[in-house]
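# Report on the structure
Residues per chain, in single letters:
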There are 2 protein chains.
Amino acid sequence: MDSTWHNTIDKVIHEPARLSMLACLYVVESADFVFLQRQTGLTGGNISSHMSKLEDAGYVKVVKTFVGKRPNTSFQLTPKGRGSLETYCGTMKQVLGDLAD
Amino acid sequence: MDSTWHNTIDKVIHEPARLSMLACLYVVESADFVFLQRQTGLTGGNISSHMSKLEDAGYVKVVKTFVGKRPNTSFQLTPKGRGSLETYCGTMKQVLGDLAD
DNA sequence: CGATTCAGTTTGCATAGCAAAGTATATTGC
DNA sequence: GCAATATACTTTGCTATGCAAACTGAATCG
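Only a predicted model underlies this, so the values are computations on that prediction, with no experimental measurement involved. (Residues numbered from 1 in each chain as written. Chains lettered and ligands numbered in written order. Predicted model: local features only at pLDDT ≥ 70, side-chain atom pairs only at ≥ 80, totals over all residues. Heavy atoms only, no water.)

### Considerations on the overall build of chain A
Helices and strands together make up the secondary structure of chain A, namely 5 helices and 3 strands. Taken over 101 residues, chain A has a buried fraction of 45%. Carbon together with sulfur atoms contributes 51% to the accessible area of chain A, which is approximately 5200 Å² in total. Between the averaged position of the 11 positive side-chain charges in chain A and that of its 10 negative side-chain charges there is a distance of 12 Å. (Helix = DSSP H or I, 4+ residues; strand = E, 2+ residues; numbered from the N terminus. Buried < 20%, exposed > 50% of the residue type's maximum accessible area, 1.4 Å probe, protein only. Areas by Shrake-Rupley, 256 points an atom, 1.4 Å probe, with all protein chains shown as cover. Lys, Arg positive; Asp, Glu negative; His and termini not counted. Charge placed at Lys NZ, Arg CZ, Asp CG, Glu CD.)

Next up, the structure:
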């Protein structure tokens, strides 16, 4: 493994709270605000601000609608987000693979 | 995998530059300042400040000596550091294991 | 000696994450 | 019908962080 791999890791993805949300989205394809909040145990504020970052990076698409009369925000991974997550994953697995559990 | 794993990850270790250095130390048992700098491609300033954190956390032991008339600083993982790194590793491998490469 | 190099450390700053407070609408209790 | 609570978020404020650049002190070179 290249010893300078650390320069290549994507900080947007590397943040645990975001990785947590991305891992959810990777599996379920679409999830809404409250679901993610319950699933990850993050506060609403954190979901909100982290999702803005993911949106700015082009990693998630945000869809705002109304369910009944209440607002509903749902998220899904973009192809770009999926690709970047897989790249990140590959790099980290290699790094960690060189170390025992 | 528990969906709130992100609360358990060790931020001291999670930082890529530090993980990079720790990965070196995990393998070689002892390395000096210049070796790590070359190996990781980090600047001297970064090695210095990151190592202070690792030292504060009790993860590395720092030994300052002189080689000839020049100062030489060498580092090695403490048992605590080794343990924490392994825990971190295990958690991350599980998280990443649930995602394809 | 004066300049440069080597081995680190310290400083300055821009960014980041997190909790708490705030906003806006909807619903419930009386 | 209206005050109080709840829901679904967003914004703010603060602290901490990583990084590059500047700095220190000693040693070697010309």
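Once you've had a look at it, read on.
### Here's the deal with the relation of the copies chain B and chain A
If you rotate chain B by 180 degrees and push it 0.0 Å along the axis, it lands on chain A with an RMSD of 0.0 Å. The transformation relating the two chain copies, once decomposed into turn and shift, fits a two-fold axis. Across chain B, the smallest distance between a C-alpha and the rotation axis is recorded for K93(B), namely 3.4 Å. When you check the interface residues of chain B against chain A, 100% turn up at the interface there too, and the contact is symmetric in its surfaces. (Least-squares fit on C-alpha atoms with pLDDT ≥ 70 in both. Contact = heavy atoms within 4.5 Å.)

### Things to note about the protein's contact with DNA strand C
Close to DNA strand C lie 21 residues, the nearest being R18(A), H50(A), S48(B), K64(B) and T73(B). Taken together, the sugar and phosphate atoms account for 81% of what DNA strand C places within 4 Å of the protein. One nitrogen or oxygen atom from the side chain of S48(B) is found 2.8 Å from a phosphate oxygen belonging to DNA strand C. Looking at the surface near DNA strand C, the elements with two or more residues in it are α2 (16–28) and α4 (44–56) of chain A together with α3 (33–40), α4 (44–56) and β3 (70–77) of chain B. Tallied by class, residues from the surface near DNA strand C come to 4 nonpolar, 9 polar and 8 charged. (Near = heavy atom within 4 Å. Polar contact = N/O pair within 3.5 Å; in protein donor to acceptor, adjacent residues only side chain to side chain. Nonpolar A, V, L, I, M, F, W, Y, C, P; charged D, E, K, R; others polar.)

### A word on the protein's contact with DNA strand D
S48(A), K64(A), T73(A), R18(B) and H50(B) are the nearest of the 21 residues found near DNA strand D. The sugar-phosphate portion of DNA strand D accounts for 82% of its atoms within 4 Å of the protein, the bases making up the rest. At a separation of 2.7 Å, a phosphate oxygen of DNA strand D approaches a polar side-chain atom of S48(A). Within the side chain of T73(A), an N or O atom sits 2.4 Å from a phosphate oxygen of DNA strand D. Classifying every residue of the surface near DNA strand D by side-chain character gives 4 nonpolar, 9 polar and 8 charged.

### A look at the pairing of strand β3 (residues 70–77) of chain A
Residue and element names in this part refer to chain A. Bridge count between strand β1 (residues 31–32) and β3: 2 bridges; the pairing is antiparallel. Across the sheet, the residue bridging to D32 is S74, located in β3. In this sheet, β3 lies alongside strand β2 (residues 60–67) in antiparallel orientation, the contact comprising 8 bridges. Each residue of the ladder has a partner; that of K64, found in β3, is T73. Here β2 folds back onto β3 in antiparallel fashion, the turn holding 2 residues, of which G68 has a positive phi close to 65 degrees. (Pairing = 2+ DSSP bridges.)

### Considering the nonpolar core
For soluble globular proteins, nonpolar side chains are generally found buried alongside one another. One finds M51(A) and M51(B) to be the most contacted residues of the largest nonpolar core, which totals 58 residues. Within the residue set of this core, elements represented by two or more residues are α2, α4, β3 and α5 (79–97) of chain A together with α2 (16–28), α4, β3 and α5 (79–97) of chain B. Residues within four places of M51(B) in sequence aside, it is in contact with M21(B), L25(B), L36(B), N46(B), V60(B) and F75(B). (Core = buried A, V, L, I, M, F, W, Y, C linked by side-chain atoms within 4.5 Å.)

### Things to note about the side chain of S84(A)
Mapped onto the elements, S84(A) comes out in helix α5. If near-sequence neighbours (up to four positions away) are discounted, S84(A) is found in contact with D10(A), I13(A) and Y59(A).

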